[in-house]
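Below, each chain spelled out in residue letters.
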Amino acid sequence: LLGGVDDHTTNNDVSINGGGGGIMIKPSVETILFAMGVLTCDIGSFFVNVAFYGFLFHLPTKQALILALSNSCFSCASFLPIVVSGFMDVSGYTLPSVLLMYGVVILIGSGGVCWLTVPSLEEYHSNALVVLGLPIPRRTVKGWEGMKKQLVGAKKVLTHPDHAMFHKISMVVLAMGWVPAFVYMSMADPLGQEIFGGEGGGIGLSLGVSFLKINTLFGFLVGPACGVLVDKFQHPSDGLIEICMLMTVSLAVVTLLCGVASWMVQIVVLIFVCISQTMQLLFAMRYAVLFSYPNRVGVVTGALIFVFGTLSLVLILLVSLIIVITKSYLLPVRIVSTIGMMAWAAYVVYIKREERFPASPTLLPEDEIEIAKNFGVSTIEDAAYVADMSPDALLKLSASTKVADLRRLSDIALSGGACERILHVARRNSSRMSSEDVQRRRSSQISIQEEFPVPDFAWDKVRKGCFESSFDCITTAFNGHGGFGGSNEPSVDWMFSAMTNDRDDPIRVEAFGSFLGPMLVVSETYGMILEVVVNDESGRTNVAASCACYPPGTLDSDGSTMKAGGDRYHFGLATYGLAPTFTNKEITGEAFVQRLAAFKQDSEWDQRRKDYGEMWYIGLLGTHPKYQGSGYGRLLLDVVSNYAQETKHDCYLECSGPNIAFYKRCGYDVLWKNEITIHGDSIVLAGMVKKYQA
């Protein structure tokens with residue numbers, strides 16, 4: 001519907017059906033509509049390209065091929081104008097009519113094919129789970145803040161002091177090499193007319209049509225072939241110098257032969273122009289992989305293309321100015337090709353002499369923290385110790401984009417040896433705490449205990465508790481072992497049933513204890529533990545229910561109760577005294593580890609707490625199965641609510657789907673819900689809040 005002007009109209013209006021009848025629109029309106037159509041089409045093409053990424057975990061060893069196929073879409077689309085023009089010549093239909101037919105074909109044909117063949121998000125995540133052995137996060141960029149954080153990270157990579165100047169040089173060289181290809185893409189027809197004179201040897205053999213045909217051929221054959229070749233490289237820097245040399249040769253051929261009035265020679269020139277264009281994109285992709293940590297490759301690639309694209313725009317404007325002044329298209333082609341050739345030749349000499357390509361990518365402090373956190377520690381040196389390898393070997397493995405390396409890394413982090421070494425690091429780091437840190441922590445604990453005494457309405461049943469007295473109650477309430485009956489925590493059962501459905505299995509009980517024990521230690525030290533105590537038939541005092549809560553401002557810096565690899569975690573682990581066997585895949589099994597990882601990643605509750613702001617946070621609440629249904633859990637909630645009213649804060653907690661109704665009866669409202677699914681088995685988590693009543 002967004003076609004060109006009908007040659008037969010005699011007024012200033014344009015007929016949409018191309019014959020003077022139908023809807024008449026002004027040329028200015030048509031221009032706007034056409035621009036909107038092109039933009040919409042381009043956005044659609046972008047989505048189709050991105051859809052290729054859905055196959056990354058279907059063909060895990062062919063990632064470069066998939067990316068090459070994605071980029072080749074644009075090259076293959078070059079043939080469309082020729083098809084449209086030929087169809088119009090044969091059929092006699094006008095451009096608006098042909099575009100309408102094309103839209104119908106895309107909607108019904110290609111749209112249907114894509115709908116049936118492109119993997120769904122669930123299928124993508126399922127395949128990633130099979131290939132990696134661990135689930136990948138459902139969202140990697142979380143909102144505008146997440147996007148901003150990614151862009152800031154890319155800027156830090158490209159402006160890192162060790163490589164900033166080299167990046168600037170590389171961007172300038174890329175821009176100089178891109179302009180000759182752009183000139184041929186956008187000005188091929190007038191350039192051909194200048195080389196050959198007149199019509200450039202006939203419309204059927206015009207330079208523009210020839211370029212489109214060759215570019216299409218490259219999209220079908222050369223692009224995918226390059227992807228296959230890159231997949232064979234062992235390191236991102238492999239083949240980069242050869243790509244640079246090929247760029248130099250390609251631009252040299254363009255410089256020497258661009259003005260020769262021979263169609264055979266011009267076909268050769270066009271081939272090398274397409275080679276140049278393909279190698280530019282391939283170089284930019286490999287360059288980004290070489291200098292950025294895997295979770296930043298996409299945004300760094302985009303930043304690189306944006307920077308050298310902006311630089312190219314400046315050069316293109318200069319080319320346009322030269323064309324206006326000299327009335328020649330050939331001269332600026334020779335100029336920019338010569339400059340591009342010399343730039344790439346100098347670049348090859350420079351990188352060979354200086355050895356500028358790094359053995360491992362640029363790691364920002366937050367990247368190192370992220371790597372270390374995967375091993376339950378806070379530094380690369382400690383992570384290397386836990387992984388039982390050198391820091392350089394760990395960084396090299398962590399920087400790899402190969403699926404096999406990522407799988408190996410997770411297997412190492414979840415091994416029995418790593419589990420024992422994490423405990424060693426925790427003990428060592430805790431023993432290094434200064435006396436001032438210990439005293440500060442103790443003073444904070446005493447302050448919390450004194451500031452929030454048990455309220456009068458609960459003093460006869462509730463007391464301040466500790467890790468030792470609450471451990472049995474909380475673990476039994478959550479895991480449901482001991483043969484007491486009652487119900488356990490649904491989310492815990494969802495995770496640990498992947499090990500075994502036998503709640504009394506010693507391995508399951510031990511693993512759950514190592515999961516919950518450090519949390520209770522940290523709750524006692526940095527927050528508060530409340531207990532309901534009762535006397536049994538023999539007169540012995542038992543803990544019937546327990547609650548671990550945190551006053552406003554006492555959560556860790558990331559919104560968690562204890563940051564992975566942080567001081568709190570190491571203190572809790574060292575005090576608990578046993579290795580975190582729940583992270584030992586050799587004991588718990590892969591299915592449990594997958595559910596645990598999904599539980600921690602997709603709940604996003606640490607970030608949600610941080611975003612919510614200061615509140616009274618209820619981290620753990622459990623009633624021993626012998627005493628369930630006695631109202632003790634609600635009593636502890638009332639105590640925390642009383643504290644919150646005094647400090648004028650909300651109460652905040654997370655729970656499993658089946659427990660939502662209970663908390664609603666206690667005055668809480670659902671703030672958010674999230675469903676986590678692994679291999680078809682799912683659990684619903686909810687964040688709930690009880691607002692402060694002024």
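Q: Explain the overall build of the protein residue by residue, including any values.
A: In terms of regular secondary structure, the protein is built from 27 helices and nine strands. Along the first, second and third principal axes, the C-alpha atoms of the protein reach 110 × 65 × 45 Å. Counting across all 694 residues of the protein, residues that qualify as buried make up 47%. Partitioning the intrachain contacts of the protein with sequence separation of at least 6 by distance along the chain shows that 72% fall at a separation of at least 24.

Q: Explain the pattern of salt bridges to me, and be specific about the residues and the numbers.
A: All chains considered together, the criterion is met by 16 salt bridges. Of the charged contacts in the structure, one is a salt bridge between Arg 595 and Asp 681, with a shortest N-O distance of 2.8 Å. You can see Arg 595 sitting in helix α24 (residues 590-603) and its partner Asp 681 sitting in strand β9 (residues 681-690), a full 86 residues away along the chain. Overall, Asp 681 belongs to the partly exposed group, its relative accessible area being 37%. One salt-bridge network, in which partners are shared between bridges, spans Arg 407, Asp 411, Lys 585 and Glu 590.

Q: Describe the nonpolar core, listing the residues and the values that go with them.
A: Soluble globular proteins tend to bury their nonpolar side chains together. Residues Phe 375, Leu 394, Met 495, Phe 496 and Phe 592 are the most contacted members of the largest nonpolar core, which totals 69 residues. The element that contributes the greatest number of residues to this core is helix α21 (residues 506-526), accounting for eight residues. Excluding residues that lie within four positions of it along the chain, Phe 592 makes contacts with Met 495, Phe 496, Ala 498, Met 499 and Phe 582. Ranked by size, the runner-up nonpolar core spans 62 residues in total, among them Ala 154, Val 183, Phe 283 and Ala 343.

Q: I'd like a description of helix α5 (residues 121-132), backed by residues and values.
A: When the terminal C-alpha atoms of α5 are compared, their 16 Å separation across 12 residues agrees well with the 16 Å that a helix rising 1.5 Å per residue should span. Residues of α5 that are buried include every one of Tyr 124, His 125, Ala 128, Leu 129, Val 131 and Leu 132, and no others. Taken from the residues just after α5, Gly 133 is the one with a positive phi, measuring 85 degrees.

Q: How would you explain the side chain of Ser 328 if you had to name every residue and give the values?
A: Its location among the elements puts Ser 328 in the loop between α11 (297-326) and α12 (330-354). Side chain to side chain, Ser 328 and Glu 194 meet in a polar contact 2.7 Å long. Side-chain polar atoms of Ser 328 contact the backbone nitrogen of Leu 331, separated by 3.2 Å. Residue contacts for Ser 328: discarding those within four places in its chain leaves Glu 194 and Ile 323.

Q: Lay out the sheet that holds strand β6 (residues 616-623) in plain terms, naming residues and giving numbers.
A: Strand order across the open sheet formed by seven strands is β3-β4-β5-β6-β7-β9-β8, with mixed pairing between neighbours. Each edge of the sheet is formed by a strand with only one pairing partner; in this case those strands are β3 (462-464) and β8 (669-678). Averaged over all pairs of adjacent strands, the angle between their axes in this sheet comes to 25 degrees, without regard to strand direction. Relative to β9, β8 runs antiparallel, the two being bridged by nine bridges. Considered in β9, the bridge of Val 670 is made with Met 688. Strand contacts of α21: β4 (528-535), β5 (541-550) and β6, with the helix running at about 75 degrees to β5, the strand carrying the most contacts.

Q: How would you sum up the packing of aromatic side chains? Please name residues and give values.
A: By the definition in use, this model includes 32 aromatic pairs. With a centroid separation of 5.6 Å and 35 degrees between ring planes, the pair formed by Phe 283 and Tyr 287 is classed as tilted. Placement of the pair is Phe 283 and Tyr 287 together in helix α10 (residues 263-291), with a separation of four residues, close to one helical turn. Exposure class is identical for Phe 283 and Tyr 287. Each is buried. Following the ring pairs from residue to residue traces out a cluster consisting of Phe 166, Phe 283, Tyr 287, Phe 291, Trp 344, Tyr 347, Tyr 350 and Phe 357. The ring of Tyr 526 has Arg 568 lying over it, and the distance from NZ or CZ to the ring centre is 4.2 Å. Note that Arg 608 overlies the ring of Trp 672, its terminal NZ or CZ placed 4.1 Å from the centroid.

Q: Explain unusual backbone geometry residue by residue, including any values.
A: A positive phi angle, near 60 degrees, is found at Lys 648, a position not held by glycine. Within the fold, Lys 648 resides in the loop between α26 (632-647) and β7 (651-656). For Lys 648, a relative accessible area of 58% corresponds to the exposed category. Here the phi dihedral of His 679 falls at roughly 50 degrees; this positive angle occurs in a residue that is not glycine. Relative accessible area serves as the criterion here: at 56%, His 679 is assigned to the exposed category.

Q: Would you mind going over the environment of Leu 95 in detail, with residue names and values included?
A: Within the fold, Leu 95 resides in helix α4 (residues 95-117). Judged by relative accessible area, which is 27%, Leu 95 ranks as partly exposed. Measuring from C-alpha to C-alpha, the distance between Leu 95 and Ser 85 comes to 8.4 Å, with 10 residues separating the pair along the chain.

Q: Describe the packing of helix α14 (residues 380-387) against helix α15 (residues 391-399), naming the residues involved and giving the relevant values.
A: Closest axis-to-axis distance for the α14/α15 pair is 9 Å, and the angle between their directions is 90 degrees. In terms of orientation, α14 and α15 fall into the roughly perpendicular class. Counting all contacts with α14, which are made through Ile 380, Ala 383, Ala 384 and Ala 387, the residues of α15 involved are Pro 391, Leu 394 and Leu 395. Its residues assigned to classes, the contact of α14 with α15 shows seven nonpolar, no polar and no charged.

Q: Which residues make up the pairing of β5, and what values do they have?
A: Summarising burial for β5: nine of the 10 residues are buried, a large majority. Alignment of β4 against β5, held across eight bridges, turns out to be antiparallel. Note that in β5 the partner of Ile 529 across the bridge is Ala 548. Once β4 ends, the chain turns through five residues before running back antiparallel as β5, passing Gly 539 with a positive phi of about 90 degrees. Looking at chain direction, β5 and β6 are connected through six bridges and run antiparallel. Bridging from a neighbouring strand, Cys 549 pairs with Ile 618 of β6.

Q: Outline a nonpolar patch on the surface, supporting the account with residue identities and numerical values.
A: A contiguous nonpolar surface patch, about 370 Å² in accessible area, is contributed by Phe 79, Leu 80, Val 83, Tyr 102 and Ile 106. Within the residue set of the nonpolar patch, elements represented by two or more residues are α3 (80-91) and α4. Position of Leu 80 relative to the elements: it lies in helix α3. For Leu 80, a relative accessible area of 31% corresponds to the partly exposed category.

Cut-off values and rules
- Residues numbered from 1 in each chain as written.
- Predicted model: local features only at pLDDT ≥ 70, side-chain atom pairs only at ≥ 80, totals over all residues.
- Heavy atoms only, no water.
- Helix = DSSP H or I, 4+ residues; strand = E, 2+ residues; numbered from the N terminus.
- Buried < 20%, exposed > 50% of the residue type's maximum accessible area, 1.4 Å probe, protein only.
- Contact = heavy atoms within 4.5 Å.
- Salt bridge = Lys/Arg side-chain N within 4 Å of Asp/Glu carboxyl O.
- Core = buried A, V, L, I, M, F, W, Y, C linked by side-chain atoms within 4.5 Å.
- Expected span 1.5 Å × (residues − 1).
- Polar contact = N/O pair within 3.5 Å; in protein donor to acceptor, adjacent residues only side chain to side chain.
- Pairing = 2+ DSSP bridges.
- Axes fitted to C-alpha atoms, helices over the stretch in contact; angles between N-to-C directions.
- Phe/Tyr/Trp six-rings, centres within 6.5 Å; stacked < 30°, edge-to-face > 60°.
- Lys NZ or Arg CZ within 6 Å of the ring centre and 35° of its normal.
- Parallel < 35°, antiparallel > 145°, perpendicular 65-115°, else oblique.
- Nonpolar A, V, L, I, M, F, W, Y, C, P; charged D, E, K, R; others polar.
- Patch = residues over 30% accessible without salt bridge, like charges linked within 9 Å, V, L, I, M, F, W, Y side chains within 5 Å.
- Areas by Shrake-Rupley, 256 points an atom, 1.4 Å probe, with all protein chains shown as cover.

Scope: geometric values only; no functional claims are made or implied.
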